[in-house]
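Residues per chain, in single letters:
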Amino acid sequence: MSARSDPPRLRNDCFALPPGVAWTPVEEALAALRARCACVAGEETVPLAAAAGRILAAPVAALRPNPPRANSAVDGWAFAQTSLTGADPERLVRRPGRAAPGADGPDVPAGAALRILTGAALPAGADTVVLDEDVGLTTDEVRLRPGLRLGANVRPAGEDAAAGDALLEAGRILSPGDLALAAAGGHAALPVRRRLRVAVLSTGDELADPPPSADAGPGPGAPAQAVMDANRPMLAALSSAWGFETLDLGRVEDRRDAVTEALDRGARLADAILTSGGASAGDEDHVSAALAEAGALGQWRIAMKPGRPLALGVWNGAAVFGLPGNPVAAFVCALVFARPALLALAGAGWREPAARRVPAAFAKRRKRGRREYLRARLTPQGAAEVFPSEGSGRISGLAWATGLVELPDDGPDVTPGDPVRWLPFSAFGLSGSGAI
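Remember, predicted model here, so these are calculated numbers, not experimental data.

**Student:** A description of the overall build of the chain should follow, citing residues and the corresponding values.
**Tutor:** Looking only at helices and strands, one finds seven helices and 27 strands in the chain. Evaluated residue by residue, the chain yields a buried proportion of 47% over its 436 residues. Counting contacts in the chain only where the partners sit at least 6 residues apart, residues at least 24 apart contribute 72% of the total. When the accessible surface of the chain is totalled, it reaches about 19,900 Å², and 52% of it is carbon and sulfur.

Pasting the structure below:
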(Lines give C-alpha, C1' and ligand atoms only; values in the text may rest on other atoms or scores of the structure.)
Protein backbone atom coordinates (compact mmCIF):
# COMPACT_ATOMS: atom_id res chain seq x y z
CA MET A 1 0.00 0.00 0.00
CA SER A 2 1.43 3.35 -1.03
CA ALA A 3 0.43 6.72 0.42
CA ARG A 4 0.76 10.36 -0.55
CA SER A 5 0.81 13.31 1.78
CA ASP A 6 -2.52 14.84 2.75
CA PRO A 7 -3.80 18.15 1.40
CA PRO A 8 -3.44 21.19 3.67
CA ARG A 9 -5.50 21.29 6.83
CA LEU A 10 -8.27 23.86 7.29
CA ARG A 11 -7.72 27.51 8.09
CA ASN A 12 -9.24 29.07 11.22
CA ASP A 13 -11.58 31.38 9.34
CA CYS A 14 -13.05 28.83 6.94
CA PHE A 15 -16.37 28.58 8.80
CA ALA A 16 -16.77 32.26 9.52
CA LEU A 17 -20.03 33.87 8.45
CA PRO A 18 -20.17 37.49 7.26
CA PRO A 19 -20.58 40.04 10.08
CA GLY A 20 -24.12 41.02 10.97
CA VAL A 21 -25.67 37.64 10.23
CA ALA A 22 -28.25 36.66 12.87
CA TRP A 23 -30.63 33.79 12.16
CA THR A 24 -29.34 31.90 9.16
CA PRO A 25 -31.72 29.98 6.89
CA VAL A 26 -30.80 26.34 6.40
CA GLU A 27 -30.14 26.74 2.67
CA GLU A 28 -27.78 29.69 3.23
CA ALA A 29 -25.94 27.83 5.98
CA LEU A 30 -25.53 24.75 3.77
CA ALA A 31 -24.31 26.87 0.84
CA ALA A 32 -21.76 28.66 3.05
CA LEU A 33 -20.59 25.38 4.52
CA ARG A 34 -20.29 23.80 1.08
CA ALA A 35 -18.11 26.66 -0.15
CA ARG A 36 -15.69 26.16 2.75
CA CYS A 37 -15.23 22.39 2.79
CA ALA A 38 -12.43 20.96 0.65
CA CYS A 39 -10.92 17.50 0.75
CA VAL A 40 -8.30 17.01 3.49
CA ALA A 41 -7.80 13.25 3.09
CA GLY A 42 -4.73 11.95 1.29
CA GLU A 43 -4.58 9.12 -1.25
CA GLU A 44 -3.55 5.50 -0.92
CA THR A 45 -3.84 2.37 -3.05
CA VAL A 46 -5.68 -0.66 -1.68
CA PRO A 47 -6.53 -4.08 -3.15
CA LEU A 48 -10.07 -4.60 -4.45
CA ALA A 49 -10.90 -6.79 -1.46
CA ALA A 50 -10.35 -3.80 0.85
CA ALA A 51 -11.93 -1.11 -1.35
CA ALA A 52 -15.66 -1.53 -0.63
CA GLY A 53 -17.08 1.61 0.95
CA ARG A 54 -13.92 3.63 0.29
CA ILE A 55 -13.91 6.90 -1.65
CA LEU A 56 -12.28 6.70 -5.07
CA ALA A 57 -9.43 9.21 -5.29
CA ALA A 58 -8.89 9.29 -9.07
CA PRO A 59 -10.81 8.32 -12.22
CA VAL A 60 -10.49 4.69 -13.26
CA ALA A 61 -10.37 3.57 -16.92
CA ALA A 62 -10.51 0.06 -18.36
CA LEU A 63 -7.10 -1.56 -18.80
CA ARG A 64 -8.58 -4.23 -21.08
CA PRO A 65 -11.82 -4.73 -22.99
CA ASN A 66 -14.76 -6.41 -21.30
CA PRO A 67 -15.45 -8.98 -22.56
CA PRO A 68 -11.95 -9.48 -24.01
CA ARG A 69 -13.25 -11.54 -26.95
CA ALA A 70 -16.60 -12.07 -28.63
CA ASN A 71 -18.36 -14.91 -26.79
CA SER A 72 -21.58 -16.87 -26.77
CA ALA A 73 -24.51 -15.64 -24.67
CA VAL A 74 -26.16 -19.10 -24.74
CA ASP A 75 -25.52 -22.80 -25.01
CA GLY A 76 -25.88 -23.59 -28.69
CA TRP A 77 -24.12 -23.96 -32.03
CA ALA A 78 -21.68 -21.48 -33.59
CA PHE A 79 -21.38 -20.94 -37.34
CA ALA A 80 -20.81 -18.29 -40.01
CA GLN A 81 -24.05 -16.48 -40.88
CA THR A 82 -23.02 -16.51 -44.55
CA SER A 83 -23.36 -20.30 -44.42
CA LEU A 84 -27.15 -19.90 -44.41
CA THR A 85 -28.78 -20.41 -47.83
CA GLY A 86 -32.41 -19.61 -47.07
CA ALA A 87 -33.45 -23.25 -47.27
CA ASP A 88 -36.00 -24.57 -44.80
CA PRO A 89 -34.53 -26.20 -42.87
CA GLU A 90 -30.99 -24.93 -43.07
CA ARG A 91 -28.50 -27.79 -42.93
CA LEU A 92 -25.02 -27.31 -41.46
CA VAL A 93 -22.29 -29.92 -41.07
CA ARG A 94 -21.90 -30.99 -37.46
CA ARG A 95 -18.26 -30.17 -36.57
CA PRO A 96 -16.60 -32.49 -34.02
CA GLY A 97 -15.52 -30.99 -30.67
CA ARG A 98 -16.83 -27.97 -28.83
CA ALA A 99 -15.95 -24.46 -27.56
CA ALA A 100 -16.01 -24.05 -23.77
CA PRO A 101 -15.17 -21.09 -21.50
CA GLY A 102 -11.42 -20.70 -21.04
CA ALA A 103 -10.47 -22.94 -23.97
CA ASP A 104 -10.41 -22.19 -27.70
CA GLY A 105 -12.56 -24.50 -29.80
CA PRO A 106 -11.57 -25.73 -33.28
CA ASP A 107 -12.06 -23.47 -36.28
CA VAL A 108 -15.46 -23.55 -37.96
CA PRO A 109 -15.29 -23.87 -41.75
CA ALA A 110 -18.01 -22.47 -44.01
CA GLY A 111 -21.15 -24.59 -43.96
CA ALA A 112 -20.36 -26.14 -40.57
CA ALA A 113 -21.51 -25.58 -36.96
CA LEU A 114 -19.67 -26.24 -33.69
CA ARG A 115 -21.12 -26.94 -30.26
CA ILE A 116 -20.51 -23.91 -27.95
CA LEU A 117 -21.22 -23.25 -24.28
CA THR A 118 -22.30 -20.00 -22.63
CA GLY A 119 -19.35 -17.66 -22.13
CA ALA A 120 -17.04 -19.50 -24.52
CA ALA A 121 -15.03 -17.36 -26.95
CA LEU A 122 -16.39 -17.51 -30.49
CA PRO A 123 -14.15 -19.85 -32.54
CA ALA A 124 -12.46 -18.64 -35.72
CA GLY A 125 -14.83 -18.74 -38.66
CA ALA A 126 -18.00 -18.26 -36.57
CA ASP A 127 -19.98 -15.06 -36.03
CA THR A 128 -23.47 -16.27 -35.05
CA VAL A 129 -24.94 -18.72 -32.50
CA VAL A 130 -28.23 -20.60 -32.56
CA LEU A 131 -29.77 -21.81 -29.28
CA ASP A 132 -29.81 -25.48 -28.43
CA GLU A 133 -33.59 -25.33 -28.25
CA ASP A 134 -33.85 -24.06 -31.84
CA VAL A 135 -31.98 -26.85 -33.62
CA GLY A 136 -32.59 -30.39 -34.74
CA LEU A 137 -29.64 -32.78 -34.66
CA THR A 138 -28.65 -35.82 -36.64
CA THR A 139 -25.40 -37.72 -36.48
CA ASP A 140 -23.89 -35.48 -39.15
CA GLU A 141 -26.06 -32.33 -39.33
CA VAL A 142 -27.33 -29.35 -37.37
CA ARG A 143 -30.69 -28.21 -38.72
CA LEU A 144 -32.41 -24.88 -38.03
CA ARG A 145 -35.05 -22.58 -39.46
CA PRO A 146 -33.90 -19.82 -41.86
CA GLY A 147 -33.62 -16.12 -41.03
CA LEU A 148 -31.23 -16.01 -38.07
CA ARG A 149 -29.57 -12.58 -38.07
CA LEU A 150 -25.82 -11.97 -38.13
CA GLY A 151 -24.34 -11.91 -34.61
CA ALA A 152 -27.38 -13.49 -32.95
CA ASN A 153 -26.72 -14.64 -29.36
CA VAL A 154 -23.15 -13.24 -29.44
CA ARG A 155 -21.66 -10.77 -26.97
CA PRO A 156 -19.18 -8.60 -28.94
CA ALA A 157 -15.68 -7.96 -27.62
CA GLY A 158 -15.68 -4.74 -25.57
CA GLU A 159 -19.48 -4.69 -25.44
CA ASP A 160 -19.40 -3.49 -21.83
CA ALA A 161 -16.20 -1.42 -22.04
CA ALA A 162 -13.36 -1.03 -24.49
CA ALA A 163 -9.77 -0.61 -23.30
CA GLY A 164 -9.32 3.00 -22.19
CA ASP A 165 -13.03 3.63 -21.58
CA ALA A 166 -13.88 5.56 -18.40
CA LEU A 167 -15.27 3.20 -15.77
CA LEU A 168 -15.54 5.10 -12.47
CA GLU A 169 -15.27 8.78 -11.58
CA ALA A 170 -13.32 10.18 -8.65
CA GLY A 171 -15.35 10.80 -5.50
CA ARG A 172 -17.49 7.66 -5.76
CA ILE A 173 -18.13 5.70 -2.60
CA LEU A 174 -17.22 2.31 -3.99
CA SER A 175 -20.02 -0.25 -4.11
CA PRO A 176 -19.80 -4.01 -4.77
CA GLY A 177 -20.91 -3.31 -8.34
CA ASP A 178 -18.10 -0.78 -8.75
CA LEU A 179 -15.58 -3.39 -7.64
CA ALA A 180 -16.98 -5.89 -10.15
CA LEU A 181 -16.60 -3.33 -12.95
CA ALA A 182 -13.04 -2.45 -11.89
CA ALA A 183 -12.07 -6.13 -11.78
CA ALA A 184 -13.59 -6.77 -15.22
CA GLY A 185 -11.56 -3.81 -16.49
CA GLY A 186 -8.32 -5.40 -15.28
CA HIS A 187 -7.76 -3.62 -11.95
CA ALA A 188 -6.49 -5.54 -8.93
CA ALA A 189 -6.19 -2.41 -6.75
CA LEU A 190 -7.70 1.08 -6.71
CA PRO A 191 -6.59 4.57 -5.60
CA VAL A 192 -8.77 5.65 -2.69
CA ARG A 193 -8.88 8.44 -0.13
CA ARG A 194 -7.48 7.75 3.28
CA ARG A 195 -10.40 7.29 5.65
CA LEU A 196 -11.37 10.58 7.26
CA ARG A 197 -10.64 10.48 10.99
CA VAL A 198 -13.56 11.77 13.05
CA ALA A 199 -13.34 12.20 16.83
CA VAL A 200 -16.45 12.30 19.01
CA LEU A 201 -16.64 14.26 22.27
CA SER A 202 -19.40 14.89 24.83
CA THR A 203 -19.38 17.79 27.29
CA GLY A 204 -21.48 18.35 30.40
CA ASP A 205 -21.22 18.02 34.18
CA GLU A 206 -24.57 16.24 34.24
CA LEU A 207 -23.47 13.38 32.01
CA ALA A 208 -22.41 9.86 32.95
CA ASP A 209 -21.76 6.71 30.99
CA PRO A 210 -24.33 3.93 31.32
CA PRO A 211 -23.51 1.53 34.19
CA PRO A 212 -21.86 -1.79 33.35
CA SER A 213 -24.90 -3.78 34.52
CA ALA A 214 -28.61 -3.16 34.95
CA ASP A 215 -28.44 -3.17 38.77
CA ALA A 216 -25.39 -0.92 39.02
CA GLY A 217 -25.65 2.78 39.64
CA PRO A 218 -23.69 5.56 37.90
CA GLY A 219 -19.93 5.24 38.18
CA PRO A 220 -17.74 6.96 40.78
CA GLY A 221 -17.90 10.74 40.65
CA ALA A 222 -21.13 10.79 38.62
CA PRO A 223 -23.81 13.22 39.81
CA ALA A 224 -26.68 11.70 41.76
CA GLN A 225 -29.15 12.69 39.05
CA ALA A 226 -26.84 11.76 36.20
CA VAL A 227 -28.06 11.86 32.61
CA MET A 228 -26.77 8.98 30.55
CA ASP A 229 -24.57 10.15 27.68
CA ALA A 230 -26.67 9.18 24.66
CA ASN A 231 -25.03 11.52 22.16
CA ARG A 232 -21.56 10.02 22.07
CA PRO A 233 -22.56 6.47 21.03
CA MET A 234 -25.08 7.93 18.60
CA LEU A 235 -22.58 10.25 16.89
CA ALA A 236 -19.89 7.57 16.85
CA ALA A 237 -22.33 5.19 15.14
CA LEU A 238 -23.22 7.84 12.56
CA SER A 239 -19.55 8.49 11.82
CA SER A 240 -18.83 4.78 11.38
CA ALA A 241 -21.92 4.28 9.20
CA TRP A 242 -20.60 7.01 6.90
CA GLY A 243 -17.34 5.12 6.46
CA PHE A 244 -15.06 7.24 8.63
CA GLU A 245 -12.43 6.11 11.11
CA THR A 246 -14.07 7.00 14.42
CA LEU A 247 -12.21 7.95 17.61
CA ASP A 248 -13.84 8.28 21.04
CA LEU A 249 -12.58 11.28 23.02
CA GLY A 250 -14.90 10.42 25.91
CA ARG A 251 -16.81 13.03 27.90
CA VAL A 252 -15.43 16.02 29.77
CA GLU A 253 -16.77 18.31 32.48
CA ASP A 254 -17.95 21.85 31.86
CA ARG A 255 -14.48 23.35 32.42
CA ARG A 256 -12.63 25.39 29.86
CA ASP A 257 -9.30 23.65 30.47
CA ALA A 258 -10.89 20.19 30.14
CA VAL A 259 -12.62 21.14 26.89
CA THR A 260 -9.44 22.73 25.53
CA GLU A 261 -7.37 19.68 26.38
CA ALA A 262 -9.91 17.39 24.69
CA LEU A 263 -9.96 19.56 21.56
CA ASP A 264 -6.14 19.53 21.49
CA ARG A 265 -6.16 15.74 21.66
CA GLY A 266 -8.84 15.49 18.97
CA ALA A 267 -6.94 17.78 16.62
CA ARG A 268 -3.78 15.66 17.01
CA LEU A 269 -5.63 12.44 16.22
CA ALA A 270 -8.39 13.42 13.81
CA ASP A 271 -9.37 15.55 10.84
CA ALA A 272 -12.72 16.56 12.33
CA ILE A 273 -14.33 16.63 15.77
CA LEU A 274 -18.02 16.15 16.55
CA THR A 275 -18.95 17.61 19.93
CA SER A 276 -22.35 17.80 21.59
CA GLY A 277 -23.28 20.36 24.20
CA GLY A 278 -21.58 23.67 24.82
CA ALA A 279 -22.41 25.01 21.36
CA SER A 280 -24.46 28.03 22.41
CA ALA A 281 -23.40 31.23 24.16
CA GLY A 282 -24.18 30.52 27.83
CA ASP A 283 -21.82 30.50 30.82
CA GLU A 284 -21.20 26.75 30.50
CA ASP A 285 -20.93 26.62 26.71
CA HIS A 286 -17.21 26.03 26.69
CA VAL A 287 -16.88 24.58 23.18
CA SER A 288 -18.04 27.78 21.51
CA ALA A 289 -16.12 29.88 24.04
CA ALA A 290 -12.87 27.98 23.43
CA LEU A 291 -13.27 28.33 19.66
CA ALA A 292 -14.04 32.03 20.04
CA GLU A 293 -10.94 32.60 22.17
CA ALA A 294 -8.82 30.93 19.50
CA GLY A 295 -10.36 33.19 16.85
CA ALA A 296 -11.68 30.10 15.11
CA LEU A 297 -15.44 30.22 15.73
CA GLY A 298 -18.33 30.54 13.36
CA GLN A 299 -21.29 30.91 15.74
CA TRP A 300 -24.19 29.88 13.54
CA ARG A 301 -27.75 30.39 14.74
CA ILE A 302 -29.72 28.28 12.31
CA ALA A 303 -33.38 29.03 11.64
CA MET A 304 -34.46 25.44 12.17
CA LYS A 305 -36.20 23.15 14.63
CA PRO A 306 -34.72 21.11 16.21
CA GLY A 307 -31.22 22.54 16.27
CA ARG A 308 -30.66 26.30 16.25
CA PRO A 309 -27.21 26.77 17.87
CA LEU A 310 -24.42 25.25 15.80
CA ALA A 311 -20.80 26.08 16.60
CA LEU A 312 -18.55 25.54 13.60
CA GLY A 313 -14.87 26.21 13.73
CA VAL A 314 -11.33 24.97 13.29
CA TRP A 315 -9.09 23.86 16.14
CA ASN A 316 -5.42 23.37 15.21
CA GLY A 317 -6.42 22.43 11.68
CA ALA A 318 -9.27 20.08 12.60
CA ALA A 319 -12.85 20.98 11.68
CA VAL A 320 -15.07 21.21 14.77
CA PHE A 321 -18.82 20.70 14.60
CA GLY A 322 -20.34 21.86 17.88
CA LEU A 323 -23.75 20.21 17.89
CA PRO A 324 -26.62 20.93 20.30
CA GLY A 325 -26.75 18.94 23.52
CA ASN A 326 -30.30 17.62 23.13
CA PRO A 327 -30.01 14.22 21.42
CA VAL A 328 -32.69 14.75 18.77
CA ALA A 329 -31.26 18.16 17.84
CA ALA A 330 -27.74 16.70 17.74
CA PHE A 331 -28.93 13.85 15.52
CA VAL A 332 -30.77 16.11 13.06
CA CYS A 333 -27.93 18.65 12.86
CA ALA A 334 -25.45 15.82 12.28
CA LEU A 335 -27.52 14.54 9.35
CA VAL A 336 -28.25 17.93 7.81
CA PHE A 337 -24.92 19.71 8.34
CA ALA A 338 -22.14 17.42 9.52
CA ARG A 339 -22.69 14.58 7.03
CA PRO A 340 -22.33 16.56 3.77
CA ALA A 341 -19.44 18.59 5.20
CA LEU A 342 -17.58 15.49 6.42
CA LEU A 343 -18.08 13.74 3.08
CA ALA A 344 -16.64 16.78 1.32
CA LEU A 345 -13.64 16.76 3.68
CA ALA A 346 -13.26 13.04 2.97
CA GLY A 347 -13.12 13.56 -0.80
CA ALA A 348 -16.62 12.36 -1.76
CA GLY A 349 -17.84 15.82 -2.71
CA TRP A 350 -20.94 17.54 -1.35
CA ARG A 351 -23.86 15.11 -1.16
CA GLU A 352 -27.45 16.08 -0.47
CA PRO A 353 -30.08 13.52 0.56
CA ALA A 354 -32.56 12.40 -2.09
CA ALA A 355 -36.11 13.25 -1.03
CA ARG A 356 -39.52 12.43 -2.40
CA ARG A 357 -43.03 13.72 -1.92
CA VAL A 358 -45.51 11.68 0.10
CA PRO A 359 -48.93 12.57 1.55
CA ALA A 360 -49.07 13.73 5.16
CA ALA A 361 -50.87 11.56 7.70
CA PHE A 362 -50.83 14.41 10.22
CA ALA A 363 -51.88 18.00 10.75
CA LYS A 364 -49.58 20.78 11.94
CA ARG A 365 -49.75 24.52 12.42
CA ARG A 366 -46.55 26.21 11.24
CA LYS A 367 -44.36 28.90 12.73
CA ARG A 368 -43.01 30.88 9.79
CA GLY A 369 -39.33 31.71 9.28
CA ARG A 370 -37.77 28.42 10.26
CA ARG A 371 -37.33 24.99 8.72
CA GLU A 372 -38.67 22.06 10.71
CA TYR A 373 -37.60 18.43 10.75
CA LEU A 374 -40.11 15.98 12.20
CA ARG A 375 -39.32 12.40 13.13
CA ALA A 376 -41.52 10.32 10.92
CA ARG A 377 -42.20 6.97 9.31
CA LEU A 378 -44.42 5.78 6.49
CA THR A 379 -47.77 4.10 7.03
CA PRO A 380 -48.62 0.92 5.07
CA GLN A 381 -50.42 3.24 2.65
CA GLY A 382 -47.23 5.27 2.03
CA ALA A 383 -48.21 8.41 3.99
CA ALA A 384 -45.92 10.08 6.53
CA GLU A 385 -46.96 9.89 10.17
CA VAL A 386 -44.97 11.85 12.74
CA PHE A 387 -43.85 11.10 16.28
CA PRO A 388 -46.42 12.52 18.73
CA SER A 389 -43.86 14.71 20.53
CA GLU A 390 -41.46 17.26 19.03
CA GLY A 391 -39.35 17.45 22.20
CA SER A 392 -35.60 17.29 21.51
CA GLY A 393 -35.09 15.08 24.53
CA ARG A 394 -37.51 12.36 23.37
CA ILE A 395 -34.88 9.92 22.15
CA SER A 396 -37.51 7.21 21.70
CA GLY A 397 -38.65 9.09 18.60
CA LEU A 398 -35.29 8.37 16.92
CA ALA A 399 -35.77 4.63 17.38
CA TRP A 400 -39.43 4.88 16.29
CA ALA A 401 -38.75 6.85 13.10
CA THR A 402 -37.44 5.68 9.74
CA GLY A 403 -36.81 9.17 8.40
CA LEU A 404 -37.59 12.86 8.63
CA VAL A 405 -40.32 15.07 7.22
CA GLU A 406 -38.81 18.40 6.18
CA LEU A 407 -41.18 21.37 6.32
CA PRO A 408 -40.05 24.51 4.41
CA ASP A 409 -39.10 27.77 6.09
CA ASP A 410 -42.25 29.69 5.15
CA GLY A 411 -44.54 26.86 4.16
CA PRO A 412 -48.25 26.72 4.94
CA ASP A 413 -49.93 24.75 7.71
CA VAL A 414 -50.11 21.02 7.01
CA THR A 415 -53.38 19.13 6.76
CA PRO A 416 -53.77 15.37 6.19
CA GLY A 417 -53.20 14.47 2.55
CA ASP A 418 -50.97 17.46 1.78
CA PRO A 419 -47.72 16.53 0.00
CA VAL A 420 -44.67 16.79 2.27
CA ARG A 421 -40.95 16.24 1.70
CA TRP A 422 -39.90 12.79 2.98
CA LEU A 423 -36.24 12.10 3.78
CA PRO A 424 -35.72 8.42 4.69
CA PHE A 425 -32.73 7.73 6.90
CA SER A 426 -31.33 5.68 4.02
CA ALA A 427 -30.97 8.97 2.10
CA PHE A 428 -28.45 9.99 4.80
CA GLY A 429 -26.37 6.85 4.31
CA LEU A 430 -28.01 4.92 7.17
CA SER A 431 -29.43 1.42 6.87
CA GLY A 432 -31.51 -0.63 9.24
CA SER A 433 -32.87 2.52 10.92
CA GLY A 434 -36.20 2.66 12.63
CA ALA A 435 -39.14 0.34 13.01
CA ILE A 436 -39.89 -2.47 10.56
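**Student:** Summarise the nonpolar core; cite the residues concerned and give the values.
**Tutor:** Counting 54 residues, the largest nonpolar core has Phe321, Phe331, Leu335, Phe337 and Leu342 as its most contacted members. Tallying contributions element by element places helix H6 (residues 327–346) first for this core, with 16 residues. Residues in contact with leucine 342, not counting those within four places in the same chain, are Leu196, Val198, Trp242, Phe244, Ala272, Leu274 and Phe321. Counting residues in hydrophobic clusters, the runner-up holds 17 residues, among them Ala199, Leu249, Leu291 and Val320.

**Student:** So what's going on with helix H1 (residues 26–36)? Residues and values would help.
**Tutor:** Restricting attention to buried positions, one finds in H1 the residues Val26, Ala29, Leu30, Ala32 and Leu33. Projected down its long axis, H1 carries its buried residues within an arc of 165°, all on one side. Turned more than 90 degrees off the buried face of H1, the exposed positions are Glu28 and Ala35.

**Student:** Talk me through the sheet that holds strand E8 (residues 128–131); I want residue IDs and the actual numbers.
**Tutor:** Spatially, six strands are ordered E8-E5-E7-E6-E10-E9 in an open sheet, and the strand pairing comes out mixed. Both edges of this open sheet fall to E8 and strand E9 (135–137), since each of them pairs with a single strand only. This sheet shows a mean twist of 40° between the axes of neighbouring strands, independent of strand direction.

**Student:** If you had to explain the environment of leucine 190 to someone new, which residues and values would you point to?
**Tutor:** Assignment of secondary structure puts leucine 190 in strand E13 (residues 189–193). Sequence spacing of leucine 190 and alanine 58 is 132 residues, and the spatial spacing of their C-alpha atoms is 8.6 Å.

**Student:** Which residues make up the pairing of strand E5 (residues 76–79), and what values go with them?
**Tutor:** The sheet contact formed by E5 and strand E7 (residues 112–116) spans three bridges and is antiparallel. When the sheet's bridge partners are listed, glycine 76 is paired in E7 with isoleucine 116.

**Student:** Before we move on, could you go through the environment of alanine 163 and cite the residues and values that matter?
**Tutor:** As for its placement among the helices and strands, alanine 163 is situated in the loop between strand E11 (154–155) and strand E12 (166–168). C-alpha of alanine 163 to C-alpha of proline 68: the two residues are 95 residues apart in sequence and 9.2 Å apart in space. Dropping the residues within four chain positions of it, alanine 163 is found in contact with Ala62, Leu63, Arg64 and Pro65.

**Student:** Lay out the pattern of salt bridges in plain terms, naming residues and giving numbers.
**Tutor:** Side-chain pairs of opposite charge can arise whenever the charged atoms involved come near each other. Per the counting criterion, the structure on display carries 28 salt bridges. When the shortest N-O distance is used, the salt bridge between glutamate 44 and arginine 54 registers 2.5 Å. A residue pair is termed long-range when its members are at least 10 positions apart, and glutamate 44 in strand E2 (residues 43–47) and arginine 54 in the loop between E2 and strand E3 (60–61) qualify at 10 residues. Both residues of the pair, glutamate 44 and arginine 54, count as buried. In this structure, the salt-bridge partner of glutamate 390 is lysine 305, at a minimum N-O distance of 3.1 Å. You can see glutamate 390 sitting in the loop between strand E25 (384–386) and helix H7 (396–400) and its partner lysine 305 sitting in strand E20 (residues 304–305), a full 85 residues away along the chain. Classification of lysine 305 by relative accessible area gives partly exposed; the value is 25%.

**Student:** So what about the pairing of strand E10 (residues 141–144)? Which residues, and what values?
**Tutor:** Here E10 shows a clear split, with Val142 and Leu144 buried on one side and none of Glu141 and Arg143 buried on the other. Bridge count for E9 against E10 is three bridges, and the pairing is antiparallel. Counted as the bridge partner of valine 135 is leucine 144 from E10. Between E9 and the antiparallel strand that follows it, E10, lie three residues.

**Student:** Which residues make up the packing of aromatic side chains, and what values go with them?
**Tutor:** Applying the stated criterion across every chain, the model contains two aromatic pairs. Judged by centre distance (5.5 Å) and plane angle (80°), the ring pair of phenylalanine 331 and phenylalanine 425 falls under edge-to-face. Highlighted residues: phenylalanine 331 in helix H6 and phenylalanine 425 in the segment after strand E27 (419–424), separated in sequence by 94 residues. With a relative accessible area of 2%, phenylalanine 425 lands in the buried category. With a centroid separation of 5.5 Å and an interplanar angle of 55°, the aromatic rings of phenylalanine 387 and tryptophan 400 are classed as tilted. Here phenylalanine 387 is found in the loop between E25 and H7, whereas its partner tryptophan 400 is found in helix H7, with 13 residues between them in sequence. When its relative accessible area of 18% is taken as the criterion, tryptophan 400 is described as buried.

**Student:** Provide a residue-level description of the confidence of the model for the chain, including the pertinent values.
**Tutor:** Per-chain confidence: the chain averages 89 in pLDDT, with 88% of residues scoring 70 or above. For residues 13–21, every residue scores under 50 in pLDDT, and the model assigns this stretch 18 contacts once sequence neighbours within four places are set aside.

Parameters and conventions
Residues numbered from 1 in each chain as written. Predicted model: local features only at pLDDT ≥ 70, side-chain atom pairs only at ≥ 80, totals over all residues. Heavy atoms only, no water. Helix = DSSP H or I, 4+ residues; strand = E, 2+ residues; numbered from the N terminus. Buried < 20%, exposed > 50% of the residue type's maximum accessible area, 1.4 Å probe, protein only. Contact = heavy atoms within 4.5 Å. Areas by Shrake-Rupley, 256 points an atom, 1.4 Å probe, with all protein chains shown as cover. Core = buried A, V, L, I, M, F, W, Y, C linked by side-chain atoms within 4.5 Å. Arc of directions from axis to C-beta. Pairing = 2+ DSSP bridges. Axes fitted to C-alpha atoms, helices over the stretch in contact; angles between N-to-C directions. Salt bridge = Lys/Arg side-chain N within 4 Å of Asp/Glu carboxyl O. Phe/Tyr/Trp six-rings, centres within 6.5 Å; stacked < 30°, edge-to-face > 60°. pLDDT = per-residue confidence, 0-100.

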